[in-house]
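The residues making up each chain are set out below.
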Amino acid sequence: MLGFRSRMEPHTSGSQVLGSRLKTRLEAEASGGVRDHMGPLEGDKTEAHTHFKVARFIMEAGVKLGLRSVPLATACTLYHRWTVAGGGGTDPYLVAMTALYLAGKVEEQHLRSRDVLNVCHRYLHPSSPPLDLDAQFWELRDSLAQCELLLLRCLCFRVSFQHPHKYLLHYLLSLQPWLNRHAWGRAHVTRAAWALLRDSYHGPLGLQHPPQHLAAAILALALACYGLVPPCTPTPWWQVLSEDLEEADLARIVGELLQLYALDADLT
């Protein structure tokens, strides 16, 4: 490994160039500059805020229901696919609740409809008591069943997705030996990368980019946040992991992820 690093010293590191660009994006985000270039997320800001809040609802309700990371990602992706497909006229929170219920079936972590209804109802109405098995409960349960059929038809029954989780795990395991283990341990890159991946599901990034590209961009942002620069050959490290990923595409995905944090800042 030391020989590999010594051969790298005369070369200009593509990772260093990318790191400086990511730093510029982070500084722009801190000053509000990213908001001026919203890219794929631009448009009706009220609608963007609504979808962001609904995605947060899915995240928090899913955690209370005990959903694992992949089913939770599937639930968010189902909701974002519904918004992209132009599903209108339906309460977004009902669609989100249905996405949670359907994601449990898709990812083989089945949820009881009563649990989904109680958790979501309590989230939306914190001061209300748990639902009784009365007429209101059965009406809500019927709405959940009907919305599930509507969602399946709206998405043409395409409810299975390839998520970035396995790619991010592979990239973390592959990249860790390239860096100083003490710097890696102090930086908590793994924890930051998984947190960034979770946050990415507040928007439709998983629908707009291949999962391996999204995983590499999340890892690049996590490394940039801690100022870590992996050694590399003339081929940048992200292209070693994903051959068809260009630097411009990587920077664009990072920018779109930062836009989600700009939306979060607008809501707080």
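Residues numbered from 1 in each chain as written. Predicted model: local features only at pLDDT ≥ 70, side-chain atom pairs only at ≥ 80, totals over all residues. Heavy atoms only, no water.

*Asks:* Explanation requested: the overall build of the protein chain in the structure shown.
*Replies:* Within the protein chain one finds 14 helices and zero strands. The order of α-helices and β-strands along the protein chain, N terminus first, is α-α-α-α-α-α-α-α-α-α-α-α-α-α. In the protein chain, which comprises 268 residues, the share counted as buried stands at 47%. Taking the contacts inside the protein chain whose residues are at least 6 apart along the sequence as the reference set, 79% of them involve residues at least 24 apart. (Helix = DSSP H or I, 4+ residues; strand = E, 2+ residues; numbered from the N terminus. Buried < 20%, exposed > 50% of the residue type's maximum accessible area, 1.4 Å probe, protein only. Contact = heavy atoms within 4.5 Å.)

*Asks:* So what exactly am I meant to see when it comes to the nonpolar core here?
*Replies:* Across soluble globular proteins, you tend to see nonpolar side chains buried next to one another. If you look at the biggest cluster of nonpolar residues, it comprises 77 residues, and the most contacted ones within it are Ile-58, Leu-100, Val-189, Leu-219, Leu-223 and Trp-237. The greatest single-element share of this core, amounting to ten residues, is contributed by helix H12 (residues 211–225). Excluding residues that lie within four positions of it along the chain, Leu-219 makes contacts with Leu-168, Tyr-171, Leu-172, Leu-175, Val-189, Trp-237 and Leu-241. (Core = buried A, V, L, I, M, F, W, Y, C linked by side-chain atoms within 4.5 Å.)

*Asks:* Whenever I open this one, the side chain of Thr-74 confuses me. Can you help?
*Replies:* Of note, Thr-74 is situated in helix H4 (residues 69–84). Contacts of Thr-74, omitting those with residues within four sequence positions, involve Ala-103, Val-106, Glu-107, Val-159, Phe-161 and His-163.

*Asks:* How should I be thinking about the packing of H12 against helix H14 (residues 247–267) in this particular structure?
*Replies:* Helix-helix packing is described using two parameters, namely the angle between the two axes and the distance between the axes. Where H12 meets H14, the closest approach of the two axes is 9 Å, and the angle between their N-to-C directions is 70°. One finds that H12 runs roughly perpendicular with respect to H14. Here His-213, Leu-214, Ala-216, Ala-217, Ile-218, Ala-220 and Leu-221 of H12 lie close against H14, whose contacting residues are Leu-250, Ile-253, Val-254, Leu-257 and Leu-258. For the contact of H12 with H14, a count of residues per class yields eleven nonpolar, one polar and no charged. (Axes fitted to C-alpha atoms, helices over the stretch in contact; angles between N-to-C directions. Parallel < 35°, antiparallel > 145°, perpendicular 65-115°, else oblique. Nonpolar A, V, L, I, M, F, W, Y, C, P; charged D, E, K, R; others polar.)

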